[in-house]
Number of protein chains: 2
Amino acid sequence: MSRMIPLDNLEPTERSERKDAAANRALILETAETLFAERGAANVKMADIAQAAGVGKGTLYRRFANKAELALALMDTQMRDFQEAMLGRMRQQSAQGMLKLDQLDQFLDALVYFVDRHNPLLCVVQAEGLLDGVGESDYQRPHFWQHMTVVGLLNEAMAAGELPDDLDTIYIADALLAALHASLFRFQREGRGFSLERISAGLRRLVRGLRCGE
Amino acid sequence: MSRMIPLDNLEPTERSERKDAAANRALILETAETLFAERGAANVKMADIAQAAGVGKGTLYRRFANKAELALALMDTQMRDFQEAMLGRMRQQSAQGMLKLDQLDQFLDALVYFVDRHNPLLCVVQAEGLLDGVGESDYQRPHFWQHMTVVGLLNEAMAAGELPDDLDTIYIADALLAALHASLFRFQREGRGFSLERISAGLRRLVRGLRCGE
DNA sequence: TATTAAAGTGGACTTAAGTCCGCTTGTTGT
DNA sequence: ACAACAAGCGGACTTAAGTCCACTTTAATA
C-alpha cells in the first residue's frame, strides 16, 4: 500500500523525527539541564554536553545549532506555560470587564517575575544573533509573542478609549520590552541593586504616562 | 636628577605609553578603520587586523582586549565630540531658559541620529559582555555618560516642577536608553522599516507621558 | 522479509578568539 | 654613555565553536 498523502497537502510532508533521534534529543536536553544547573549555563561548553550525554558533537549540533537554541529549548515548556497562563488570565480579566491597561500592567508585572526567574537562561538565549543578519536576530522568536501581546493590549486599550488614538503601539511595545532584556535586567538587579518591585513599578509608570487626559 | 613625584600622589604614577607603543596603537587604529570600512566590521578578524598592520597578535591584544574595545576606541573621538556638542548646547539652552524636558527631547532626538550613524560600530561594541560578570558589561562604559545626562535632565526637570517628584529617574533613564540599544535599533530600522523620525517620536512620546498634570 | 533512501551519528577537522612567554627595545637614573 | 628594568613585541600555542563526511541505523515500500 502506498504511503498516504493528504490530498489537500502535497507539500514535502516532512517525516517526523526518527525515534533514536528523539531519544537523543531528550537525552541531550536532560544532560544540558543538569550541567547548566551544576555549573551555570555560561560555564558549560557544547563539547561538555556532548561528552556527558555520550554523543558526538555532530549529533548535538544537528539538533541545536548553538547554545542559545539549546537554552531556548530548555525553556520552551516554561515559556509555553507562562504564555498559556497569561492568555487564560487575560481572557478571564476581559470577561470581568477589567480595563485593558490594567491587564497590561499585570502582564508586565508577571513578565518581570518571569524574566527574573529565568534570567540565566535568557542571558544565554539573548547572547546570540547580535551581529548577524537582521531577520533572525533574537528580536524574532523569543520576544515575538510578547510583542504581539503588548501591541494587542495597547491597541485594545486604544480602541476602548483608555489611550489616545495616535500612539505608535508597535514602537512602544519594542521600547517596553527592551527594558526587560535579560542582560540589562541582570545589571539592574545585580549591579544597581534594583528590586523586582522597583523594576515593575518603573516599567508600569511608563505605561501610565500614555493614558488619556494627561 | 630623581624623577619628580607629586607629593600629594605617591601612588604608582604609571608611566605613560612608550612612543613605539603609541605609534603601534595609532597604526592599529588606522588599519582597523580601513578594514572595517572595506568589509564591514563584522567580517574583519582580529588576526586580519594584526597582519594588515604588520604587528603580532600579542601586540594587538595588548592594546585592545577584543574587537569591542577596538571599535570603541575607533568611536572615541566621535563620542567625545557628540558629548561636548550636547553639553555645550544644553548649557546654552539652559541659559536661554529652555525647559529641561525640552532639552531632554532634543538630546534624545540627537542621540537617535547618533546611534543611526554609528550603528555598525555600536553593534560591535555592544556585542561584548552579555554573559560575563555584571560590573564590566556594556552597561558601564559606553552608556555611562548618556545615562548620567538623562538622569540629570530628569532630575532637573523634576526640581523645576516639570515632572512629578516621585519618578524613579534612574530606572527611567535605563529604560529610555535600552530602547536605543544598537541591535534593537538596527532591527527596527532594517527589519521593521522604521524611520528615524518614527523612532525619535516614539521615544519622546514616552517622556512626554511622564509630565505633571496628566 | 529484503531493499533502499533518507535520517542520524561520531569524531576528525577548520576557524577564530585569546593567552603565554622568551626575546627586543625604550626609558630612566647614574 | 651605559646599566638595568619595565614595557613592548611576535607568533606559537591553547581553547572552544562549529563544519564535514564516511559510516550506521531506521522505517517505508515492495
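The shown structure was predicted, so the numbers you read here are calculated from the model rather than taken from an experiment. (Residues numbered from 1 in each chain as written. Chains lettered and ligands numbered in written order. Predicted model: local features only at pLDDT ≥ 70, side-chain atom pairs only at ≥ 80, totals over all residues. Heavy atoms only, no water.)

### Quick look at helix 4 (residues 67–95) of chain B
All names here are of chain B.
Here's step 1: With 29 residues, helix 4 ought to run about 42 Å at 1.5 Å a step, and its terminal C-alpha atoms sit 41 Å apart, in line with that.
Here's step 2: Along its length, helix 4 shows its largest kink, about 45°, at methionine 75.
Here's step 3: All buried positions along helix 4 are accounted for by Lys67, Ala68, Leu70, Ala71, Leu72, Leu74, Met75, Met79, Phe82, Met86, Met90 and Gln93.
Here's step 4: Two or three places before alanine 68, at the opening of helix 4, asparagine 66 has a side-chain oxygen 3.2 Å from that residue's backbone nitrogen.
Here's step 5: Positioned one or two residues after helix 4, glycine 97 has a phi angle of 80°, which is positive. (Helix = DSSP H or I, 4+ residues; strand = E, 2+ residues; numbered from the N terminus. Expected span 1.5 Å × (residues − 1). Bend = angle between axes of the 7 residues up to and from the residue. Buried < 20%, exposed > 50% of the residue type's maximum accessible area, 1.4 Å probe, protein only. Polar contact = N/O pair within 3.5 Å; in protein donor to acceptor, adjacent residues only side chain to side chain.)

### Notes on the pattern of salt bridges
Here's step 1: Evaluated as defined, the whole model comprises 22 salt bridges over all chains.
Here's step 2: We note a salt bridge from aspartate 48 of chain A to arginine 39 of chain A, for which the minimum N-O separation is 3.0 Å.
Here's step 3: The buried category is assigned to aspartate 48 of chain A, whose relative accessible area is 15%.
Here's step 4: When its relative accessible area of 38% is taken as the criterion, arginine 39 of chain A is described as partly exposed.
Here's step 5: With its nearest N and O atoms 3.3 Å apart, the salt bridge here joins glutamate 17 of chain B to arginine 63 of chain B. (Salt bridge = Lys/Arg side-chain N within 4 Å of Asp/Glu carboxyl O.)

### Some remarks on the nonpolar core
Here's step 1: Ranked by size, the top nonpolar core spans 125 residues in total, and within it Ile49 and Phe107 of chain A together with Ile49 and Phe107 of chain B carry the most contacts.
Here's step 2: Non-local contacts of phenylalanine 107 of chain B, meaning those with residues more than four positions away in its chain, are made with Phe82, Met86, Arg89, Met90, Trp145, Gln146, Thr149, Val150 and Leu153 of chain B.
Here's step 3: Counting residues in hydrophobic clusters, the runner-up holds six residues, among them Phe187 of chain A together with Ala178, Leu184 and Phe187 of chain B. (Core = buried A, V, L, I, M, F, W, Y, C linked by side-chain atoms within 4.5 Å. Contact = heavy atoms within 4.5 Å.)

### Focus: the packing of aromatic side chains
Here's step 1: Summed over all chains, the structure comprises ten aromatic pairs over all chains.
Here's step 2: Taking the centre distance of 6.3 Å and the plane angle of 45° together, the rings of phenylalanine 194 of chain A and tyrosine 171 of chain B count as tilted. Here the residue phenylalanine 194 of chain A occupies a position in the loop between helix 9 (182–191) and helix 10 (196–208), and tyrosine 171 of chain B occupies one in helix 8 (residues 169–178), the pair thus bridging two chains. Tyrosine 171 of chain B shares its class with phenylalanine 194 of chain A; the two are buried.
Here's step 3: Residues phenylalanine 82 of chain B and phenylalanine 114 of chain B carry aromatic rings whose centres are separated by 4.5 Å and whose planes lie at 25° to one another, so their mutual orientation is stacked. (Phe/Tyr/Trp six-rings, centres within 6.5 Å; stacked < 30°, edge-to-face > 60°.)

### Notes on the packing of helix 1 (residues 19–39) of chain B against helix 2 (residues 46–53) of chain B
All names here are of chain B.
Here's step 1: Two elements in contact, helix 1 and helix 2, have axes separated by 9 Å at closest approach and are oriented at 120°. Put simply, helix 1 runs oblique to helix 2. The two elements helix 1 and helix 2 meet at a crossing, and its hand is right-handed. The segment helix 1 lies against helix 2, with Leu27, Ile28, Thr31, Ala32, Leu35, Phe36 and Arg39 engaging Asp48, Ile49, Ala52 and Ala53.
Here's step 2: Grouping the constituent residues of the contact of helix 1 with helix 2 by class yields eight nonpolar, one polar and two charged. (Axes fitted to C-alpha atoms, helices over the stretch in contact; angles between N-to-C directions. Parallel < 35°, antiparallel > 145°, perpendicular 65-115°, else oblique. Left-handed = near helix turned anticlockwise from the far one by under 90°. Nonpolar A, V, L, I, M, F, W, Y, C, P; charged D, E, K, R; others polar.)

### Looking at empty space enclosed by the protein
A probe matching the size of a water molecule, rolled over the atoms, marks out where space remains unfilled.
Residue and element names in this part refer to chain B.
Here's step 1: Under the definition given, this model contains five cavities of 30 Å³ or more.
Here's step 2: Here the second largest cavity is characterised by a volume of approximately 90 Å³.
Here's step 3: As for the second largest cavity, its lining consists of eleven residues, of which Val115, Leu122, Gln126, His143 and Gln146 are closest to the centre.
Here's step 4: Those elements that provide at least two residues to the lining of the second largest cavity are helix 5 (100–117), helix 6 (119–126) and helix 7 (141–159).
Here's step 5: The residue makeup of the lining of the second largest cavity, split by class, is eight nonpolar, three polar and no charged. (1 Å grid on protein atoms, 1.4 Å probe; cavity = no way out; pocket = protein on both sides within 12 Å on 5 of 7 lines; lining within 4 Å. Points joined across faces, edges and corners; volume = space filled by probe spheres on them.)

### Comments concerning the environment of alanine 22 of chain B
Here's step 1: Structurally, alanine 22 of chain B can be placed in helix 1.
Here's step 2: Here the alpha-carbon distance between alanine 22 of chain B and arginine 63 of chain B, two residues 41 residues apart in the chain, equals 9.5 Å.

### Description of helix 10 (residues 196–208) of chain B
Here's step 1: With 13 residues, helix 10 of chain B ought to run about 18 Å at 1.5 Å a step, and its terminal C-alpha atoms sit 18 Å apart, in line with that.
Here's step 2: Leu196, Ile199, Ser200, Gly202, Leu203, Arg205, Leu206 and Val207 of chain B are the residues of helix 10 of chain B that are buried.
Here's step 3: Of the surrounding secondary structure, the elements contacted by the buried residues of helix 10 of chain B are helix 8 (169–178) and helix 10 of chain A together with helix 5, helix 8 and helix 9 (182–191) of chain B.

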